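An overview of the molecular structure
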Amino acid sequence: MRIARFSIDGNVAFGAVEGDSPDSLVLDIIKGIPYADFELSGTKVPLKKVRLLPPVLPNKVVAIGRNYAEHAAELGNEVPDVPITFFKPTTSVIGSGDAIEYPSFSDDLHHEAELAVVIGRMCREVPRERVKDVIFGYTCANDVTARDVQQREKQWARAKGFDTSCPLGPWVETDVDPGNLAIQATVNGEQRQLGRTSDMIRSIEDLVVHITEAMTLLPGDVILTGTPAGVGPLHVGDEVAVTIEGIGTLTNKVIKRG
Ligand code: MG
């Protein structure tokens, strides 16, 4: 099931996305909370008529650095012995169709297409064999990065945590096997990144075990699993799209911060 969060006429709701053709998708409004028991109301609205919001409101976004060997190599980095983890703040999260605001303190903004894991239940110290039980679904993410700031500053909080640096969406897919999916980024329709999730160095199981060894994850929390090779610059006016096979396409335009 594809579950979107959206607003229409000032009201916010979750809905199940129905249909196959991008132009005729409809949302069946959900009664209840998607992570817990819910039912479909049968009240449907065309997707075209709503504004998509980030599909979840995470308590935290935990991101993984250098999880694809070719991407580590393209920036001259080694694959780390222990996964690199960092946070993107909740204020960095935007939805599909929202604008990425080019930060004033950077001259080298990059896209990073990533598979995002959405957690479905509160969990800590999750054993490997239970990882699938704590995952709600998957969505597309763009770990937008001020590359020059990342290289200048020891911690990545500003480089990867500025407002609008975490597009998520367009919805959460709850029924996809994430093990071997094509993942790509295009800028203005031109392909920049193309990889497969099977090329991750640490699997989703590895990452959930590693992260929950340290911290409790809550329903709606998000794990960004790293980006394949091909990262590159974004400029004001560009439209960047992250597409993951079996999930959908996350599209955002880059604007000057007003
Ligand atoms: Mg990244």
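Residues numbered from 1 in each chain as written. Predicted model: local features only at pLDDT ≥ 70, side-chain atom pairs only at ≥ 80, totals over all residues. Heavy atoms only, no water.

The secondary structure content of the protein amounts to five helices and 20 strands. The C-alpha atoms of the protein give a radius of gyration of 17 Å, which matches the 18 Å a tight globule of 258 residues would have. Dimensions of the protein along its principal axes, counting C-alpha atoms only, are 50 × 45 × 30 Å. Residues counted as buried form 53% of the 258 residues belonging to the protein. The positive charge centre, built from 26 side chains, and the negative charge centre, built from 36, are 4 Å apart in the protein. (Helix = DSSP H or I, 4+ residues; strand = E, 2+ residues; numbered from the N terminus. Rg over C-alpha atoms; globule rule 2.2 N^0.38 Å. Buried < 20%, exposed > 50% of the residue type's maximum accessible area, 1.4 Å probe, protein only. Lys, Arg positive; Asp, Glu negative; His and termini not counted. Charge placed at Lys NZ, Arg CZ, Asp CG, Glu CD.)

Now for the sheet that holds strand β13 (residues 145-146). Strands belonging to one sheet form pairs held by backbone hydrogen bonds; the direction of such a pair is parallel or antiparallel. An order of β13-β10-β18 is seen for the three strands of this open sheet, with the pairing classed as antiparallel. Looking at the sheet topology across the chains shown, the edges are occupied by β13 and β18 (232-234). Looking at chain direction, strand β10 (residues 109-111) and β18 are connected through three bridges and run antiparallel. Note that in β18 the partner of Leu 109 across the bridge is Leu 234. (Pairing = 2+ DSSP bridges.)

Once that is clear, we can look at the sheet that holds strand β15 (residues 182-187). What the five strands build is an open sheet, ordered β9-β20-β19-β15-β16; its pairing is mixed. On the outer flanks of this sheet lie β9 (99-102) and β16 (190-196), each paired with one strand and no other. Between one strand axis and the next, the sheet turns by 20° as a mean value, whatever way the strands run. In this structure, strand β19 (residues 239-244) lies alongside strand β20 (residues 248-256), joined through six bridges in antiparallel fashion. When the bridges of β20 are listed, Val 240 appears paired with Asn 252. (Axes fitted to C-alpha atoms, helices over the stretch in contact; angles between N-to-C directions.)

What follows covers the environment of Phe 14. Locating Phe 14 in the fold gives a position in strand β2 (residues 11-18). Counting along the chain gives 130 residues from Phe 14 to Val 144, while the straight-line C-alpha distance between them is 26 Å. Among residues more than four places away in sequence, those in contact with Phe 14 are Ile 3, Ala 4, Arg 5, Phe 6, Asp 28, Ile 29, Ile 30, Pro 34 and Pro 55. (Contact = heavy atoms within 4.5 Å.)

What follows is about the domain arrangement of the protein. Assigned domains within the protein: domain 1 (2-52) and domain 2 (61-256). For domain 1 and domain 2, the distance between their C-alpha centres works out to 24 Å. Between domain 1 and domain 2, the residue contacts involve ten residues of the former and twelve residues of the latter. Buried surface at the junction of domain 1 and domain 2, summed over both partners, amounts to about 910 Å²; 64% is from carbon and sulfur atoms. (Domains from an automatic or database assignment. Buried area = accessible area lost by both parts, 1.4 Å probe.)

Turning our attention to the coordination of the magnesium ion. Summarising the metal site, the magnesium ion is bound by the protein donors Glu 112 (OE), Glu 114 (OE) and Asp 143 (OD), whose distances to it range over 2.0 to 2.1 Å. Binding-site remark: the magnesium ion is held by donors from one chain whose sequence spacing is E-x1-E-x28-D. You can call Glu 112 buried: its relative accessible area is 3%. Of the residues examined, Glu 114 reaches a relative accessible area of 0% and is grouped as buried. (Donors = N, O, S within 2.8 Å, 3.2 Å for Na, K, Ca; no water.)

Here we take up the pairing of β16. Pairing analysis gives six bridges linking β15 to β16, with the strands arranged antiparallel. Each residue of the ladder has a partner; that of Gln 184, found in β16, is Leu 194. Here β15 hands over to β16 after two residues, with Asn 188 in that stretch at a positive phi of 50°.

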